[in-house]
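# Chain and residue survey
Okay, here's what each chain looks like letter by letter:
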Amino acid sequence: MKYRIVAVSTAAALAATALLSGCGSDDGGDEPAASGPVSLTYWAWAPGLDKVADLWNKGPGKEQDITVTVKKQASGDDLVTKIITAAKAHKAPDLVQAEYQALPTLVSNDVLADISKEAGDAEGEFTEGVWQQATLGSDALYALPQDSGPLMFYYRQDLFEQYGLTVPTTWDEFAETARALKKKAPDKDLTTFSSNDSGLFAGLAQQAGAKWWTTGGDKWKVAIADTATQKVADFWGGLVKEGVIDNQPMYTPAWNKALNTGKQVAWVSAVWAPGTLTTAAPDTKGKWAMAPLPQWTAGANVTGSWGGSSTAVTNDSRNKKAAATFAKWLNTDPAALAALVKESGIYPAATAAQTGGALSKAPDYFSNQPAFYTEAAKIAQGTAPAAWGPNVNVAYSAFKDNFAAAAKDRSDFGAALTAMQDATVADLKKQGFGVSE
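Treat the numbers as computed from the prediction; the structure is a model and nothing was measured.

## A look at the overall build of the protein
Each helix and strand counted, the protein has 17 helices and twelve strands in total. The C-alpha atoms of the protein give 22 Å as radius of gyration, which agrees with the globular expectation for 437 residues (22 Å, within 12%). Evaluated residue by residue, the protein yields a buried proportion of 57% over its 437 residues. Sequence-distant contacts in the protein: of pairs separated by 6 or more residues, those separated by 24 or more amount to 75%.

## Some points on unusual backbone geometry
Backbone geometry at His 90 places phi at a positive 55 degrees, although glycine is not the residue there. Residue placement: His 90 occurs in the loop between α3 (77–88) and β5 (95–99). Backbone geometry places Arg 410, a non-glycine residue, at a positive phi of 55 degrees. Within the secondary structure, Arg 410 is located in the loop between α16 (392–409) and α17 (413–431). On the basis of relative accessible area, Arg 410 is assigned to the partly exposed category, the value being 31%.

## Considerations on the confidence of the model for the protein
Per-chain confidence: the protein averages 91 in pLDDT, with 92% of residues scoring 70 or above. Between residues 1–33, whose pLDDT stays under 50, and residues either more than four places distant or in other chains, the model counts 84 contacts.

## Brief notes about the nonpolar core
In terms of nonpolar packing, the biggest core is built from 147 residues, with Phe 193, Trp 212, Trp 213, Trp 236 and Phe 403 touching the most fellow members. Counting residues per element, this core draws most heavily on α16, at eight residues. Residues contacting Trp 236, with those up to four places away along its chain left out, are Trp 171, Phe 174, Thr 191, Thr 192, Phe 193, Leu 204, Ile 245, Val 268 and Phe 413.

## Structural notes on the sheet that holds strand β8 (residues 219–222)
One open sheet holds the three strands; their spatial order is β7-β8-β12, and the pairing between them is mixed. Each edge of the open sheet is held by one strand with a lone partner, namely β7 (213–216) and β12 (435–436). Bridge count for β7 against β8 is four bridges, and the pairing is antiparallel. For Thr 215, the partnering residue across the bridge sits in β8 and is Trp 220. Strand contacts of α17: β7, β8 and β12, with the helix running at about 170 degrees to β8, the strand carrying the most contacts.

## Section: the packing of helix α1 (residues 49–58) against helix α13 (residues 320–332)
Two quantities define a packed helix pair, namely the angle between the helix axes and the distance between the axes. For the pair α1 and α13, interaxial distance at closest approach is 11 Å and the crossing angle is 115 degrees. You can see that α1 and α13 cross each other, and the crossing is right-handed. For the pair formed by α1 and α13, the contact residues are Val 52, Leu 55 and Trp 56 on the first element and Thr 325, Phe 326, Trp 329 and Leu 330 on the second. The residue inventory of the contact of α1 with α13, partitioned by class, reads six nonpolar, one polar and no charged.

## Quick notes on the environment of Gly 275
Residue position: Gly 275 is located in helix α12 (residues 273–280). Judged by its relative accessible area of 45%, Gly 275 is partly exposed. Separated by 123 residues in the primary sequence, Gly 275 and Met 152 have C-alpha atoms spaced 14 Å apart.

## Considering the pattern of salt bridges
A full pass over the atoms with the stated rule returns nine salt bridges. One salt bridge in this structure joins Asp 189 and Lys 263, with 2.9 Å as the shortest N-O distance. With Asp 189 in the loop between α8 (171–184) and α9 (198–207) and Lys 263 in the loop between α11 (253–261) and β9 (266–270), this residue pair connects regions lying 74 residues apart in the sequence. For Asp 189, a relative accessible area of 7% puts it in the buried group. Linked through salt bridges whose partners overlap, the residues forming this network are Glu 176, Arg 179 and Glu 242.

## Structural notes on the pairing of strand β3 (residues 38–44)
Burial of β3 is extensive: five of the seven residues sit out of reach of the surface. With two bridges connecting them, β3 and β5 associate as parallel partners. Its bridge partner being in β5, Trp 43 is matched across the sheet by Val 96.

## Digging into the packing of α16 against α17
The N-to-C vectors of α16 and α17 enclose an angle of 155 degrees; their axes lie 9 Å apart at closest approach. As summarised for this structure, α16 and α17 are arranged roughly antiparallel, according to the angle between their axes. Crossing angle aside, the handedness with which α16 passes α17 is right-handed. Residues Val 394, Ala 395, Ala 398, Phe 399, Asn 402, Phe 403, Ala 406 and Ala 407 of α16 lie in contact with α17, whose contacting residues are Phe 413, Ala 416, Leu 417, Ala 419, Met 420, Ala 423, Thr 424 and Asp 427. The class makeup of the residues in the contact of α16 with α17 is 13 nonpolar, two polar and one charged.

Criteria and cut-off values
Residues numbered from 1 in each chain as written. Predicted model: local features only at pLDDT ≥ 70, side-chain atom pairs only at ≥ 80, totals over all residues. Heavy atoms only, no water. Helix = DSSP H or I, 4+ residues; strand = E, 2+ residues; numbered from the N terminus. Rg over C-alpha atoms; globule rule 2.2 N^0.38 Å. Buried < 20%, exposed > 50% of the residue type's maximum accessible area, 1.4 Å probe, protein only. Contact = heavy atoms within 4.5 Å. pLDDT = per-residue confidence, 0-100. Core = buried A, V, L, I, M, F, W, Y, C linked by side-chain atoms within 4.5 Å. Pairing = 2+ DSSP bridges. Axes fitted to C-alpha atoms, helices over the stretch in contact; angles between N-to-C directions. Left-handed = near helix turned anticlockwise from the far one by under 90°. Nonpolar A, V, L, I, M, F, W, Y, C, P; charged D, E, K, R; others polar. Salt bridge = Lys/Arg side-chain N within 4 Å of Asp/Glu carboxyl O. Parallel < 35°, antiparallel > 145°, perpendicular 65-115°, else oblique.

So, in structure tokens, the structure goes:
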């Protein structure tokens with residue numbers, strides 16, 4: 001047992017007694033070794049995971065008499081709700097694919113087992129920032145990192161050359177590039193500030209050093225409106241107010257058209273962006289390039305994360321050691337990682353798998369940049385840690401509501417950030433968590 005934070009929740013459907021960072025059930029990982037064949041169930045949403053599990057079942061699993069069956073699930077909040085409900089009835093699967101930001105919620109509802117004894121020796125396979133998301137900053141280990149989404153800067157190489165623009169290496173240069181483009185081509189925008197995907201803003205805040213949720217004693221501290229995040233909000237809000245970048249949301253037909261026609265000439269995104277661009281801007285294939293995210297300090301190599309998931313073992317599993325063995329194989333074994341890239345299309349969190357093998361060739365959309373994954377791996381090394389809490393969904397919803405209004409009106413982003421902070425704190429208190437001011 002590490003340390004336990006107990007909270008009485010008024011949200012009876014999800015949490016009556018909550019355990020926060022540091023401890024799952026005391027019985028996790030200590031059950032007697034199973035005699036005879038072991039059958040494990042894995043709830044996941046990534047495509048092709050059943051094919052990867054088949055490699056296990058025909059190889060290491062067959063040798064150890066451990067069979068894994070993948071049951072496809074919805075992703076996001078739907079899976080979080082479903083797994084918590086199942087755990088309350090003690091009917092959770094052995095393993096579950098969990099997004100990093102969902103881990104504190106699952107831990108606080110006593111869903112996940114601490115597998116540090118079984119898989120803690122895998123730490124060296126991952127960057128510190130990624131590993132921290134699976135430990136929640138404690139001595140426990142609640143999951144094995146599976147995939148990651150380091151942030152990068154994407155830009156139209158041909159249009160940068162046409163307008164004499166230099167790829168920005170700092171955020172100050174980014175702002176100057178936006179202004180320079182607007183002067184030379186008033187009908188174009190460097191990029192847009194979008195309020196419909198909170199994960200991008202969270203990643204940008206991480207890069208600046210933000211830690212939105214932390215624990216101390218028996219209380220949570222929420223610092224969404226901290227100095228680092230305020231700097232990010234002021235920066236983007238200033239560019240929107242100045243009119244040198246667009247204020248329209250991503251993933252709309254209008255946004256797709258802007259990318260495809262060159263009205264928007266750059267995009268701050270993650271390593272998975274080539275897939276999105278293939279669909280959103282098919283006519284510009286081979287015209288984009290990827291570069292490191294602009295830095296707050298010149299010469300640094302720090303990036304945030306946008307997305308990513310892990311493989312966790314539940315407290316309901318009667319074969320936690322076997323489940324942890326599979327989770328470790330899935331996310332560290334070279335054959336498994338190659339299959340994850342091929343079958344599931346993920347960018348592996350394990351650093352050894354981020355170049356070579358299945359990632360030795362650039363995405364087809366970026367055939368003009370052969371070293372795409374080599375450069376991506378260098379960027380990923382600088383992934384900053386993230387600090388998630390038990391009500392990320394509330395914070396994200398508040399971001400969308402308040403920043404959407406601020407972006408539309410080109411008004412102060414600081415007020416939107418304060419509203420996001422206040423909504424998150426209010427919800428924690430409503431659930432019965434201790435909150436330090």
